[in-house]
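Coordinates in review
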Amino acid sequence: MASVMAVDVVVMAAGKGTRMKSRLPKVLHRLGGRALLQHVLDTAAVLQARRVVVVTGHGAEQVEAGVMSRNQAALEFVRQEPQLGTGHAVQQAAPLLPDDGVVVVLSGDVPLIQSDTLHALINASGGDKLALLTIAFDDPTGYGRIVRDPSGTVRAIVEQKDASEQQRQIREVYSGILAAPAKQLKTWLTRLDNRNAQGEYYLTDVVKLAVADGVPVVALPTDDAAQVAGVNSPLQLAELERAYQLRIARGLLEQGVRLADPARLDVRGELRCAQDVEIDVGCVFTGQVELGEGVRIGPHCVIGNARIAAGAVIHPYTHIEGGASEGERVEVGAGALIGPYARLRPGAKLGEEVHIGNFVEVKNSTLAAGAKANHLAYLGDAQVGARVNYGAGSITANYDGANKHRTVIEDDVHIGSNCVLIAPVTIGAGGTVGGGSTISKNTAPGALTVGRARQASVPGWTRPSKNAAKKP
């Protein structure tokens, strides 16, 4: 039945979030590399919602701009000014909701709600019932209590400040998430009042209005506290971040990934792993990362927007920072060895069995199979052939102060230590550049090229001393 029902989503994102103690609107604080609100919108996209209406208020322009660029489907925004309660928030969205759908109400600061839970809630509503997502807490302080009659039928939600002592003993609480037939919900919203302890228009009052109208109210319990956890403070955000990361870690472990410590993993994007991948402690993954079969990631690596092929080893403290576009994504070939303390920047494309060692930086460059740069080197805007050996301390001087230029190092070249290759320049196949050379002209294939000042020695030279310098 749910598959044929039109679903419209309302996301409440108007709150100030005073307890966050930040100038940034609460729903834009990040969890797992994405704004809290973005998590909710991504889940709404999985529901294939017909319309997604975001209710903004505090920092509205910043909130709207913060999520518009990341959403392919058009979002609709309405403003809640001033903020007079959750019922008042949904009232602002009501004119945009067609009468023939099921409305799912979500909170922009409850980021980990899952689409399968929402599908179950929509099924529970069935298009003709008010469905509430509920959970039982040992300490329900602060939450609206689910009040049932002796038969177990839901009769009302009573907010903490309006609850009697007896009602405050109830452990089952409202999560803040509901699904309701749009036509009835819009009617109930017009009948809300603010005669309560907080002087606000409570969305939860739609329950007693539904009961009064003879519309069945059903509760869908969940035992997953993380799914319904809201963020109101930096502490809660940190706690939810750990819950989120542990969820990801468990999923990876179930796929066969070996994690040295599931509690010391941070995925702030999407991480896809083939068979027999090993990840050590303290690693951070951002953007889109793919790890091929048998890849090993050493401790404390930061890897973003990268595709790492089978058998590659990323040694400790390596920083890989690819760009979001395909051209800027970092690619590491099969069997490559990277690090420790290496840096691969956007556009680095490394072939099979490439070695990039400690304190080597590669930017917008391709290295063919078997090329090696093992120590203290820079390769920027370069095309490096197969089996090239690139010496310690050598750099490509790719920037002339206005424009970037490319360096081409053909197959089987040997670049000595402490060389400067001034682009644009081509080093011919099989050639050798002597250590300490500055090369500004193309070299012939197979040639030895040396470009450095002639060595000179001054016999009997005396180094200046401090005492001698003080004599008149």
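In case you missed it, the structure is sitting above this.
To continue, consider the pattern of salt bridges. Under the defined criterion, the tally for this structure stands at 30 salt bridges. With a shortest N-O distance of 3.1 Å, Asp193 and Arg195 are connected by a salt bridge. With relative accessibility at 23%, the residue Asp193 sits in the partly exposed group. One continuous salt-bridge network, built from bridges that share partners, spans Glu270, Arg272, Glu290, Arg307, Glu326, Arg329, Glu331 and Lys349.

Take helix α5 (residues 182–190) next. At 3.6 residues per turn, the α-helix brings residues three or four places apart onto the same side. Residues Ala182, Leu185, Trp188 and Leu189 constitute the buried set of α5. The buried residues of α5 all sit within an arc of 125° when viewed along its axis, so they share a single face. Opposite its buried face, α5 presents the exposed residues Lys183 and Thr190, each directed more than 90 degrees away. Structurally, α5 contributes buried residues whose contacts are with α3 (86–93), β6 (102–107), β7 (130–136), β10 (172–181) and α6 (206–212).

Together, Tyr317, Tyr341, Phe359 and Leu376 make up a nonpolar patch on the protein surface, roughly 430 Å² of accessible area in all. On the secondary structure map, Phe359 appears in strand β24 (residues 355–363). The exposure class assigned to Phe359 is partly exposed, which follows from its relative accessible area of 49%.

Side chains on a regular strand alternate between the two faces of the sheet. With respect to burial, β6 is a largely interior element, six of its six residues being buried. When strand β1 (residues 7–13) meets β6, the two strands line up parallel, connected through six bridges. Bridge pairing links Val11 to Leu106 in β6. Where β6 and β10 come together, four bridges link them in antiparallel fashion. Following the sheet pairing, Val102 is matched in β10 by Pro181.

With that out of the way, let us pick up the nonpolar core. Ile279, Phe285, Leu291, Ile297, Ile308 and Ile356 are the most contacted members of the largest nonpolar core, which totals 63 residues. A total of six residues in this core trace back to one element, the largest contributor, which is helix α8 (residues 234–255). Once you skip the residues sitting within four places of it in the chain, Ile279 turns out to touch Val257, Arg258, Leu259, Ala260, Leu265, Leu271, Phe285, Leu291 and Ile297. Counting 34 residues, the second-largest nonpolar core is a separate cluster that includes Val7, Val67, Val102 and Phe137.

Another aspect to go through is the packing of aromatic side chains. Across all of its chains, the model carries three aromatic pairs by this definition. Between Tyr317 and Tyr341, the aromatic rings sit 5.1 Å apart at their centres with planes inclined by 5°, giving stacked as the arrangement. Of this pair, Tyr317 sits in the loop between β18 (313–314) and β19 (319–321) while Tyr341 sits in the loop between β21 (337–338) and β22 (343–344), placing them 24 residues apart in sequence. Residue Tyr341 is classed as partly exposed on the basis of its relative accessible area, which comes to 40%. Their ring planes at 10° and their centres at 5.3 Å tell us that Tyr341 and Phe359 sit as a pair that is stacked. Taken together, the positions of Tyr341 in the loop between β21 and β22 and Phe359 in strand β24 put the pair 18 residues apart, joining distant regions of the chain. Three or more aromatic residues link up through ring pairs in this structure, and these residues are Tyr317, Tyr341 and Phe359. The aromatic ring of Tyr399 is capped on one face by Lys404, whose charged end is 5.7 Å from the ring centroid.

Attention now moves to the environment of Ser365. Here Ser365 shows up in the loop between β24 and β25 (366–367). Sequence-wise, Ser365 and Arg30 are 335 residues apart; in three dimensions their C-alpha atoms are separated by 32 Å. Not counting residues up to four positions away in its chain, the partners in contact with Ser365 are Gly347, Ala348, Lys349, Leu379, Gly380, Asp381 and Ala382. Among the polar contacts made by the side chain of Ser365, one reaches the main-chain amide nitrogen of Ala382 at a distance of 2.9 Å.

Let us now look at unusual backbone geometry. The phi angle of most residues is negative, glycine excepted, and most peptide bonds adopt the trans form. Put simply, Gly339 and Pro340 share a cis peptide bond, and its omega is 5°. Looking at where Pro340 falls in the secondary structure, it is placed in the loop between β21 and β22. Along the chain, Ala423 connects to Pro424 via a cis peptide bond; the corresponding omega equals 0°. Mapped onto the secondary structure, Pro424 falls in the loop between β32 (420–422) and β33 (425–427). One non-glycine residue, Tyr341, adopts positive backbone phi at about 60°. A positive phi angle, near 55°, is found at Asp381, a position not held by glycine.

The rules behind the values
- Residues numbered from 1 in each chain as written.
- Predicted model: local features only at pLDDT ≥ 70, side-chain atom pairs only at ≥ 80, totals over all residues.
- Heavy atoms only, no water.
- Salt bridge = Lys/Arg side-chain N within 4 Å of Asp/Glu carboxyl O.
- Buried < 20%, exposed > 50% of the residue type's maximum accessible area, 1.4 Å probe, protein only.
- Helix = DSSP H or I, 4+ residues; strand = E, 2+ residues; numbered from the N terminus.
- Arc of directions from axis to C-beta.
- Contact = heavy atoms within 4.5 Å.
- Patch = residues over 30% accessible without salt bridge, like charges linked within 9 Å, V, L, I, M, F, W, Y side chains within 5 Å.
- Areas by Shrake-Rupley, 256 points an atom, 1.4 Å probe, with all protein chains shown as cover.
- Pairing = 2+ DSSP bridges.
- Core = buried A, V, L, I, M, F, W, Y, C linked by side-chain atoms within 4.5 Å.
- Phe/Tyr/Trp six-rings, centres within 6.5 Å; stacked < 30°, edge-to-face > 60°.
- Lys NZ or Arg CZ within 6 Å of the ring centre and 35° of its normal.
- Polar contact = N/O pair within 3.5 Å; in protein donor to acceptor, adjacent residues only side chain to side chain.

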